[in-house]
Amino acid sequence: MITVLVVDDHPVVRSGLVGMLDVEDDLVVVGEAGDGEEAVIRVGELNPDVVLMDLRMPRLDGAAATARIIAAHPRTRVLVLTTYDTDADIVRAVEAGATGYLLKDTPRTDLVDAVRAAARGETVLAPPVAARLVSRMRTPATDLLTEREVQVLAAVARGLSNPEIGRRLHIGEAAVKTHLLRVFTKLEVDDRTRAVTVAMERGILPPPTVG
């Protein structure tokens, strides 16, 4: 029997997942949690085989909770189930130690099979997620931004103008423009907004904080 902990900050979603899994003869949901902090505590109490983990939750997000769980309970497998498939989210979850990464539109049979596979220690990735990871690994080194280019782009993300960025980083406005042009070329974009968006998708900049 495979024991499962369901973690999601939406009670209706948790209920649906519990109902979906509990009808399987070889799966049993032993508990639920509404955020990452609670998930860490519940894993310590219940020691489930698999944690079905949402990503964006209050108090402690799914990636941070995954890292804590894996560190304290290395035999527990964490299977991410989320709406988000940006590069930054995927990379954070994988680096935290997640065994798999699925999207919430995954068909029921695929989700159930994924829980079984995760319990066996197998890596399970939704096709769009696998494609993003492969694309990321194939990204040539020339596309990587320098530390200064990242600093300039982070300042752009905060809404600073070129003169303000120059004063903040102690460089001339012309240098700011040069760095931005190089960023546009490397990210294959042609404006500041798109540069910030792409950088967040690729994990170069952190995603915006959800209020």
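Structure first, text after, so check above.
Criteria and cut-off values
Within every chain, residues take consecutive numbers counted from 1 along the sequence as written. In view of the model being predicted, local features appear only for residues whose pLDDT reaches at least 70, and side-chain atom pairs are presented and counted only at 80 or more, with totals across whole chains, interfaces and linings using the full set of residues. By convention in this description, side-chain values take in all heavy atoms of the structure and omit both hydrogens and water. Relative accessible area decides the class of each residue, using a 1.4 Å probe on protein chains only: under 20% of the type maximum gives buried, over 50% gives exposed, and in between gives partly exposed. Strands are runs of DSSP state E lasting at least two residues, helices are runs of H or I lasting at least four, and both sets are numbered from the N terminus onward. Pairing between strands is defined by DSSP: at least two bridges between them are needed. For crossovers, right-handed means that the path from the first strand over the helix to the second runs clockwise, given strands pointing away from the viewer. Contacts were defined at the residue level, with two residues in contact if any of their heavy atoms lie within 4.5 Å. Salt bridges are defined by distance alone: a side-chain nitrogen of Lys or Arg within 4 Å of a carboxyl oxygen of Asp or Glu. The length a helix should cover is 1.5 Å for every residue beyond the first. The directions considered for the arc are those from the helix axis to the C-beta atoms. Throughout this description, a polar contact denotes any pair of N or O atoms lying within 3.5 Å of each other; where both atoms belong to protein, one of them has to be capable of donating a hydrogen while the other can accept it, and for residues adjacent in sequence the pair is counted only when both atoms sit in side chains. To define a nonpolar core, start from buried Ala, Val, Leu, Ile, Met, Phe, Trp, Tyr and Cys residues and group those joined through side-chain atoms within 4.5 Å. Think of each axis as a best-fit line through the C-alpha atoms, taken over the contacting stretch in the case of a helix, with angles from 0 to 180 degrees between the N-to-C directions. These descriptions rest on fixed angle ranges, namely under 35 degrees for roughly parallel, over 145 for roughly antiparallel, 65 to 115 for roughly perpendicular, and the rest for oblique. Amino acids are sorted into nonpolar (Ala, Val, Leu, Ile, Met, Phe, Trp, Tyr, Cys and Pro), charged (Asp, Glu, Lys and Arg) and polar (every other residue, Gly among them).

Here's the deal with the pairing of strand S3 (residues 50–53)
So, point 1. Burial along S3 is two-sided: the residues Val 50 and Leu 52 and Val 51 and Met 53 are all buried.
So, point 2. The sheet contact formed by S3 and strand S4 (residues 77–82) spans four bridges and is parallel. Its bridge partner lying in S4, Val 50 is registered against Arg 77.
So, point 3. What joins S3 to S4 is helix H3 (residues 62–72), and the crossover it makes is right-handed.

Thoughts on the environment of Met 53
So, point 1. Its place among the elements puts Met 53 in strand S3.
So, point 2. According to the relative accessible area criterion, Met 53 is buried, its value standing at 0%.
So, point 3. Residues Met 53 and Pro 107 lie 54 residues apart in sequence; the distance between their C-alpha atoms is 17 Å.
So, point 4. Ignoring any residue separated from it by four or fewer positions in sequence, one finds Met 53 in contact with Val 7, Ala 39, Gly 62, Ala 65, Thr 66, Ile 69, Val 78, Leu 79, Val 80 and Leu 81.

A closer look at the pattern of salt bridges
Oppositely charged side chains can form a pair if their charged atoms are brought close together.
So, point 1. Applying the stated rule across the entire model yields 14 salt bridges.
So, point 2. One salt bridge in this structure joins Glu 24 and Arg 116, with 2.9 Å as the shortest N-O distance. Separated by 92 residues along the polypeptide, Glu 24 in the loop between helix H1 (11–22) and strand S2 (27–33) and Arg 116 in helix H5 (residues 108–119) bring together distant segments of the chain. The exposure classification of Glu 24 matches that of Arg 116, with both residues buried.
So, point 3. Measuring nitrogen to oxygen at the nearest pair gives 2.9 Å for the salt bridge that ties Asp 61 to Arg 92. Here Asp 61 is found in the loop between S3 and H3, whereas its partner Arg 92 is found in helix H4 (residues 87–96), with 31 residues between them in sequence.
So, point 4. What makes Asp 61 partly exposed here is its relative accessible area of 24%.
So, point 5. According to the relative accessible area criterion, Arg 92 is partly exposed, its value standing at 37%.

Things to note about H1
So, point 1. The terminal C-alpha atoms of H1 lie 16 Å apart, and with 12 residues this matches the ideal 16 Å at 1.5 Å per residue to within 8%.
So, point 2. Looking only at H1, the buried set comprises Arg 14, Leu 17, Val 18 and Leu 21. Buried residues of H1 fall within an arc of 100 degrees about the axis and therefore sit on the same side. Projecting away from the buried face of H1 at angles above 90 degrees are the exposed residues Val 12 and Ser 15.
So, point 3. Looking at the buried side of H1, the elements it contacts are strand S1 (2–7), S2, S3, S4 and H5.

A few points about the side chain of Asp 8
So, point 1. Structurally, Asp 8 can be placed in the loop between S1 and H1.
So, point 2. We classify Asp 8 as buried; its relative accessible area is 1%.
So, point 3. A polar side-chain atom of Asp 8 sits 2.7 Å from a polar atom in the side chain of Lys 104.
So, point 4. Among residues more than four places away in sequence, those in contact with Asp 8 are Val 13, Arg 14, Ala 33, Gly 34, Asp 54, Met 57 and Lys 104.

What to know about the nonpolar core
So, point 1. Counting residues in each nonpolar core, the largest one holds 30 residues, and the members touching the most others are Leu 21, Leu 52, Leu 79, Tyr 101, Leu 102 and Val 115.
So, point 2. When residues in this core are grouped by element, the largest group, six residues, is from H5.
So, point 3. Grouped together as the second largest cluster of nonpolar side chains are 21 residues, Ala 154, Val 176, Phe 184 and Ala 195 included.

Examining the packing of H1 against H5
So, point 1. The N-to-C vectors of H1 and H5 enclose an angle of 75 degrees; their axes lie 10 Å apart at closest approach. Viewed along their axes, H1 and H5 adopt a mutual orientation that is roughly perpendicular. Across the interface between the two elements, Leu 17, Met 20 and Leu 21 of H1 pack against Arg 108, Leu 111, Val 112 and Val 115 of H5.
So, point 2. Partitioning the contact of H1 with H5 into residue classes produces six nonpolar, no polar and one charged.

Structural notes on helix H8 (residues 162–169)
So, point 1. Of all the residues in H8, the buried ones are Asn 162, Ile 165, Gly 166 and Leu 169. One face of H8 carries all of its buried residues, which in axial projection span an arc of 100 degrees.

A word on the side chain of Thr 99
So, point 1. Here Thr 99 shows up in the loop between H4 and strand S5 (100–103).
So, point 2. Residue Thr 99 is classed as buried on the basis of its relative accessible area, which comes to 11%.
So, point 3. Sequence-distant contacts of Thr 99, that is, excluding residues within four places in its chain, are made with Arg 77, Val 78, Ala 118, Gly 121, Glu 122, Thr 123 and Val 124.

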